[in-house]
Amino acid sequence: SVKNPSSRAERALAEARKKYEARGTISSSSKGGGRLMGINDEVVAEVGYEIGYFINDFINEASGEDADTLVQNCGRYLRSKASMGTFPQSSNWSQGKGEDFSPEEIARFDRLLARAYEESGIVTSAFAKTFYLGTQVLPESAMKAIWAVYVWCRRTDEIVDAPRPEARDPNAEMLTDLSEWEIRLERLFDRGEVVDVLDLPLLDCKVKYPKLPITPFSDMIRGMLMDIPGLGQDRYDTWDELHLYCYRVAGTVGLMSMPVFGCAPGYTDDTAKEPALSLGVAFQITNILRDVGEDARKRGRVYLPQHDMERFGVTEQQIFEQKVDENYINLMKFEIARARMYYARALRGVPMLSAESRLPVQLSLDAYGKILDKIEENGYDSLTKRAYVGKWEKFAGIPASWYRTLDISKFLPLPGDDNLGKLEEYEKRLEEMLEKKWEEMSK
């Protein structure tokens, strides 16, 4: 886990957690108005209906059952399917020995879990269209597992970013909620405990993929902390600082996904780790470059490294005033080259994945990389224009992405791909480009 004890935000979270733990147990499964934690007005508006309410269709009211009881019973059922050692701190149930559930109960639990997965897919589709497109070509079990991971990430983000107009101290309330969320995460991974119906897919994912690590989940929480106004960072002096942020909020997703994707024969998680991290970092750099104007205008944030801006002669004032000049264009060219270097590193990892996982990763890599092309087509103006890749353009790229996953593509590359040469050479050329740009600006 990557922690920074000198971080004001992390110290604040640690203090909030101490206070929360002193109060006792986890609260009920919902937070205000019956909504699940991490589900707020923005999520409901984007999806179009209340999330998690489907559980009411599965409750056996005749027996006096309520939603919490149903969730806990389904959790027991899923834990009973886990292999020994999946939950190291479990002590109140048997792992891998089954439970005394009737066939009717098992059928109901399976239907509830299927519905929870379905809703997770809907949320993923609403908020991460390119990411969702990549999951569509995965085997069903892996597809659903990735949805479960994404929904956990989405809820974490919403806990941190959600407006709290009625709170006396919004940051204090947020840190309390985030403390509870972190404790819930630890208890799910250590004990197999669940709190609400959307925890069930992640529990099932952990049962099916016991090697799923908790570390990237914990690190993502600390990445979200970096965005908290007044506690986190809204400026980054160097690329190393920004790289830590990119790892925490996006590189972690690659590590979460690795046990689900699996490795090809001859490769291990250790060898595939660096490309997985690079892909997440590449995605986040792309997000930052696409949203420079929007982040400054709506959030007062400037993610571009201050050192890079200074070397290229770009000021914060011109970013807030949305002035695109030659200096800004050169800065964008430099940052795009850096992003493509990380895409090149990520590309090396595609052959390391299991055969069924290569296409979704390649598809996501290609579709997201096109955003950089769109920034270039917009004259490098990411202050007043938003680079956008349409749905049909993404679909049209599927055959090319599929071909790139085949061994024959190494010998008969697609037009344009042959200019890349070997991946190692491509990365080297990008590194040389970065050095050249620094030298030009230093004269």
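The structure under discussion appears in the preceding block.
Residues numbered from 1 in each chain as written. Predicted model: local features only at pLDDT ≥ 70, side-chain atom pairs only at ≥ 80, totals over all residues. Heavy atoms only, no water.

Colleague: Where do I start with the overall build of the chain in this structure?
Modeller: What the chain contains, in helices and strands, is 19 helices and zero strands. Split into buried and exposed, the 443 residues of the chain put 53% on the buried side. For the chain, the proportion of contacts with a sequence separation of at least 24, taken over those separated by at least 6, is 73%. Carbon and sulfur atoms make up 51% of the accessible area of the chain, which totals about 20500 Å². (Helix = DSSP H or I, 4+ residues; strand = E, 2+ residues; numbered from the N terminus. Buried < 20%, exposed > 50% of the residue type's maximum accessible area, 1.4 Å probe, protein only. Contact = heavy atoms within 4.5 Å. Areas by Shrake-Rupley, 256 points an atom, 1.4 Å probe, with all protein chains shown as cover.)

Colleague: How should the packing of helix α11 (residues 269–290) against helix α16 (residues 355–377) be read in this particular structure?
Modeller: Helices that pack against each other are described as a pair by the angle of their axes relative to one another and the distance between those axes. Between α11 and α16, the least distance of the axes is 10 Å, while the angle of their chain directions is 30°. It follows that α11 is roughly parallel to α16 by the angle criterion. The hand of the α11/α16 crossing is left-handed. Between α11 and α16, the contacting residues are L279, F283, T286, N287, L289 and R290 on the first element and V361, S364, L365, Y368, I371, L372 and I375 on the second. Residues that form the contact of α11 with α16 fall into these classes: nine nonpolar, three polar and one charged. (Axes fitted to C-alpha atoms, helices over the stretch in contact; angles between N-to-C directions. Parallel < 35°, antiparallel > 145°, perpendicular 65-115°, else oblique. Left-handed = near helix turned anticlockwise from the far one by under 90°. Nonpolar A, V, L, I, M, F, W, Y, C, P; charged D, E, K, R; others polar.)

Colleague: Looking at this structure, how should I read helix α7 (residues 170–191)?
Modeller: Along an α-helix, residues three or four positions apart point the same way, because every turn accommodates 3.6 residues. For α7, built from 22 residues, the straight-helix expectation of 32 Å at 1.5 Å per residue is met to within 8% by its first-to-last C-alpha distance of 31 Å. G192 sits one or two positions beyond α7 and adopts a positive phi of about 80°. (Expected span 1.5 Å × (residues − 1).)

Colleague: Sorry, what's going on with the side chain of T86 here?
Modeller: Of note, T86 is situated in the loop between α3 (67–79) and α4 (103–127). A distance of 2.8 Å separates a polar atom in the side chain of T86 from the backbone oxygen of S83. (Polar contact = N/O pair within 3.5 Å; in protein donor to acceptor, adjacent residues only side chain to side chain.)

Colleague: Explanation requested: the packing of aromatic side chains in the structure shown.
Modeller: The tally for this structure, following the rule as stated, stands at 15 aromatic pairs. Ring geometry for W239 versus Y342: centroids 5.8 Å apart, planes at 55°, classification tilted. Here Y342 lies in helix α15 (residues 326–347) and W239 lies in helix α10 (residues 239–261), a separation of 103 residues in the sequence. Taking relative accessible area as the criterion, W239 reaches 14% and is therefore assigned buried. By relative accessible area, which is 7% here, Y342 ends up buried. Note on F283 and Y368: the rings are 4.7 Å apart at their centroids and 40° apart in plane angle, and the pair reads as tilted. Placement of F283 in helix α11 and of Y368 in helix α16 is noted, with a sequence separation of 85 residues between them. Of the two residues, F283 and Y368, both sit in the buried class. (Phe/Tyr/Trp six-rings, centres within 6.5 Å; stacked < 30°, edge-to-face > 60°.)

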